[in-house]
Structure formats: structure tokens, C-alpha cells
Amino acid sequence: MVVGDVTTAVDVLVLGAGPGGYVAAIRAAQLGHHVTLVEADMPGGTCLNRGCIPLKALLSSSERYRQARQEEPGVMGIHVEALTLNWAAMQDWKQGVVNRLAEGVRKLISGNAIEYVHGKGWFINAQEVRVEGEYGSHHFKFDHCIIATGAEAAPVPGLPYDGKQVLTPEQALALPALPAALSIYGDDYIALELATVFARLDVEVKLYSPGEQLLAGFDPAALRLVQAGLRKLGIAIATKTPVEKITTITEHPVIISNGVCPRTADLHVSDADIELTANNGIAVNSMQQSSVPNIYAVGDCIGGQALASVAIKQGKVAAEVLSGQRVQFAPLVIPRVVHTTPELATVGYTTQEAAQAGYNVVTGRFPLAASGRALTLAAENGAALIVADADNGLLLGATLVGPRAGDLIGQLTLAIEMGATLTDLSEILYPHPSLSEIVLEGSENAQGRAIHILTKP
Ligand SMILES: Cc1cc2nc3c(=O)[nH]c(=O)nc-3n(C[C@H](O)[C@H](O)[C@H](O)COP(=O)(O)OP(=O)(O)OC[C@H]3O[C@@H](n4cnc5c(N)ncnc54)[C@H](O)[C@@H]3O)c2cc1C
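Along each chain, residues carry numbers from 1 onward, in the same order as the chain's sequence is written. The predicted origin of the model limits local features to residues at a pLDDT of at least 70 and limits the giving and counting of side-chain atom pairs to 80 or more, whereas totals for whole chains, interfaces and linings rest on all residues. The side-chain numbers reported here are obtained from all heavy atoms of the structure, hydrogens and water having been left aside.

(A) Structural view of the domain arrangement of the protein. Start and end positions for the domains come from either an automated domain assignment or a database one. In terms of domain boundaries, the protein breaks down into domain 1 (7-50 + 93-153 + 261-322), domain 2 (166-258) and domain 3 (336-446). On a C-alpha basis, the centres of domain 1 and domain 2 stand 32 Å from each other. Residue contacts are counted whenever heavy atoms from the two residues lie within 4.5 Å of one another. Counting residues at the interface gives six residues for domain 1, matched by five residues for domain 2. Once two parts are joined, some of their accessible surface, as seen by a 1.4 Å probe, is lost; buried area is that loss totalled over both. Contact between domain 1 and domain 2 buries roughly 410 Å² in total, counting both sides, with carbon and sulfur atoms accounting for 49%. In terms of surface lost to domain 2, no three residues of domain 1 exceed Arg50, Lys94 and Ala153, which account for 72% of the buried area on that side. In what follows, salt bridge is the name for a side-chain nitrogen of Lys or Arg lying within 4 Å of a carboxyl oxygen of Asp or Glu. For the interface between domain 1 and domain 2, the tally reads one salt bridge. Polar contacts here mean pairs of N or O atoms no more than 3.5 Å apart (in protein, one a potential hydrogen donor and the other a potential acceptor; neighbouring residues in sequence count only if both atoms are side-chain atoms). Our count for the contact surface shared by domain 1 and domain 2 stands at two residue pairs in polar contact (both at pLDDT 80 or more). Residues are grouped as follows: Ala, Val, Leu, Ile, Met, Phe, Trp, Tyr, Cys and Pro are nonpolar; Asp, Glu, Lys and Arg are charged; all remaining types, including Gly, are polar. A per-class count over the side of domain 1 that touches domain 2 returns three nonpolar, one polar and two charged.

So this is what it looks like as C-alpha cells:
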């Protein structure tokens, strides 16, 4: 094929097959469009191949190892001897999970009759994209285009990522061997989750945070529990460390979790008159439309919150808008989860944020130590914190600390989006014994009527 010699007219062209792109492609196909999905690397994007899924897989395997090793031998009557750790086998298992999910995405793409093109695309003008791949070059003239090219680790001046001494989180997840010691720079959930994985696997971990506090914006009481959990794993924490000092402070390999930059540099957006934001993300409105109305952008490439959950929802919105539906990306709240020991999840306002926003705040708290289910799981370190409007009982926010906090936060997200009140949360039946009962008792506590902790008259 001669470079640039063939032009195909397509209905919907999607650039990038991460969670934003492949979800947009499937939703557009469901709505009757003929979709062409272009991916330079692997379907599933960062989340599936190098981010969320590999990290959560290693969090699970390292947790099992830690539990089997038991700090307090004999807990639950189980005493394990001759326990061994095989990092290569752990990596193989993790890759098996990734491969299985990636195969599922491939089947969904073909099952929805989406044309999959392996190659890298960029704009020639506001109607055309050129794609270069293993079979040469091809032009696509589109009716609608959705950009979903993601983001990459933000560079740190003077500290190039070499995958050995200075690593991105993605590179750290694929380390060929476990180092004896590691430094981690960052204060976000990825830094804390990586610290948790490696410390559970007996690597000496030191966590350097740029500011005074880890996980800005989370409830301070919940953070104290998480920080105590990190210290229990032997993780040393140093705050207020300037990033440029990091390699002079430590001789160990350093993982840097410093946020991401939208991947827009190679898209030639100016040739299509697509406007960028100050941080080089694609500028979009609430319907995910760029400055060129039939070109949309979703996920990390717009430079908002770099979360797969956000990319997925925006992908659906873009597909529905180009199909003529009147929808927009306007969530009231975005849940956030940190898979540490204990696990932390939050949605909506913290107590402080609700007060700053002018609410007359009432809070309810319920400790895991008073939960029957938590004790049967030998996991009593944690709590539910419920934040509501004292004037009408409207749920404003919640923070959960403890096992499966990241799964439980879904019900509270729904409750906030539906305008539920403390009474709504207290009047339904919860399975017993279950961790979800901490939401019930936390809500009751906010109303002075929790049953399983003493309520002051
Ligand atoms: C270690 C780690 C852990 C994470 N954990 C979580 C988590 O627990 N929860 C969560 O919600 N988020 C998590 N994230 C963030 C999440 O991975 C991203 O927010 C999400 O992948 C963004 O989806 P996306 O579709 O916008 O981009 P991506 O997933 O990055 O996909 C973009 C795709 O576009 C392709 N592409 C780029 N340029 C071109 C081009 N010119 N032509 C064709 N294809 C192109 C890329 O190859 C890539 O496959 C994590 C990220 C990392 C790094």
C-alpha cells in the first residue's frame, strides 16, 4: 500500500481503545452506528494492560501472602509454615487476569461488529484522520470522531524515566525482580497502593510525599487509620520532599507517581482546529464535544480526573450525544477508592468540605469494631463516617474505611445521586451479618439512634 493512497469514508471513528474509547465504540455500535476503532497498542488501554487491573491483581496476591504470613501466628486457628513467595509466578498470574479481560474486550469489539484497526492515528484536517499501522497508511474521512488517546506519566525535569532507577507506576508493576528496597514519590492513591503491594511482599519501602499530607481531600480521621496501616506494614513516610531532591536522598530505585499529562502531542490537533486547554488536554463541553462539534474527546486526554470510571462514563456520553441524545457528563459526585490496609473509599463532601460549603452539618460514625461481620473477618480496623445536612437529613458525603470499602461506596454514591436522606438509609433492610450494616448504623448514629454503639442521651 502506498502511503496515504487509500481513503475510506466512515461513520464513527474512535481513536484509542482504552476504557474511554472501547466503551464509546461499543455504545455507538449499540445505537446503530458503523464504528471504526483505531488503537496504536493493545485494546483495554492503560487501565486494563498497565494500570488499574495489574495493580489490583498485585494488591490481592500481596494481601493473600501477607495474610498467610500472619503477623500474629495462629489467628483463626491457622498457622502456616514454610511459606514461599514467587514473584515471577505472581506476575504470570497477574498477566493471566489481564489477558483474560483483554480477550473479553476483543470479543466485545468483534461481537459488536466494530472495525478494529491496529495503528496510530492523527488529524489531517477536521474531517480526516491518517492512520499508520503494520499494513501501511490509510486515510479515514469521518462523520463523527471520538478522541480517547489517554495520558502518560507526567515528566519530572531532570529525572527521565529509565524503567530501572526511575520508574513510572506502570513500569513498577512489571518489574522483572523484586528489589530489596524501593522509594516511592507521590501522595496519591497510586503511590499508596504501590507502597502497599511492595511492603506486603517484604520490600523495604520509603514513601516520599511532596506536601505535608497524603491523599489531599480525604477525611483526616480516615487518613489517620490508613497512615497507621502503612506504618504497620513497615513503610517509612517522609513529607515535604521536593521532587528534584529525590534521587539525591535515596540510592534505591524510585517510583514516581506525579500525575499524568494528556496524550495529545502527536495528534496534530491544530490541523483540525481542535482547541486545547492550558494543560494540553482537548477542551470539551459537558457533552464531550471539542471546539469542532463533530469531534468529541473523552477520558484522560481531556486532562480532568484521570480515572477509568470517568473515561467510561464520558465514552457513553459522547456516543449518545453523536446519536442525537440530549445527555451530558454531569455526575454529582465521583467516588474515590484507595486499596491500602485498611481500604479507604470516599464520595461527596467530607465534614470539613460540607461546613465550608455552608451546610449545617450532622455526622454519624460507626466503628468496625462494633460490626459482627467485621469481627468474623478479623478486620476490626476501620469505620463508616456519614455526612448529612442537619436541616433536612440529605446525605452529603461518606467515607468508609475497612474491607471492601471500595465496593460498599457504590451504594452511597447511588444514595447521593438520588437525593437520599438519613431516613432513607436507615429504613431499608440490610443483609445480616454484612459489612453494609456499617452504613445503616452510621446513618442511625447521625440521628442519635444507632443500636450497636451507645448513644449519648
Ligand atoms: C498504575 C495505575 C493504576 C490505576 N488505577 C486506577 C483505578 O484503580 N481506578 C481508576 O478509575 N483508574 C485508575 N487508573 C487510571 C486509568 O488507568 C485511566 O484513567 C484510564 O485508563 C483512562 O482511560 P482512557 O481510555 O482515557 O485512556 P487509556 O486507558 O490510556 O487508553 C488510551 C489508548 O489510546 C491509545 N492511543 C494513544 N494515542 C493513540 C493514537 N494516536 N492512535 C491510536 N491509539 C492511540 C493508547 O495506546 C491507549 O491504548 C490507574 C492508572 C495507572 C497508571
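We are not done yet, so read on.
(B) Molecular detail of the state of the cysteines. Disulfide assignment relies on a single distance test, namely cysteine sulfur atoms paired within 2.5 Å. The full count for this structure, using the stated rule, is one disulfide. Bridging cysteine 47 to cysteine 52, the disulfide has an S-S length of 2.5 Å. The S-S bond linking cysteine 47 to cysteine 52 shows a torsion near -130°; that makes this disulfide left-handed. Burial classes follow relative accessibility: with a 1.4 Å probe on protein chains only, a residue under 20% of its type's maximum area counts as buried, one over 50% as exposed, and anything between as partly exposed. Residue classification places cysteine 52 among the partly exposed residues on the basis of a relative accessible area of 29%. Counting only cysteine sulfurs, cysteine 301 is the nearest neighbor of cysteine 145, a cysteine outside any disulfide, at a range of 10.0 Å.

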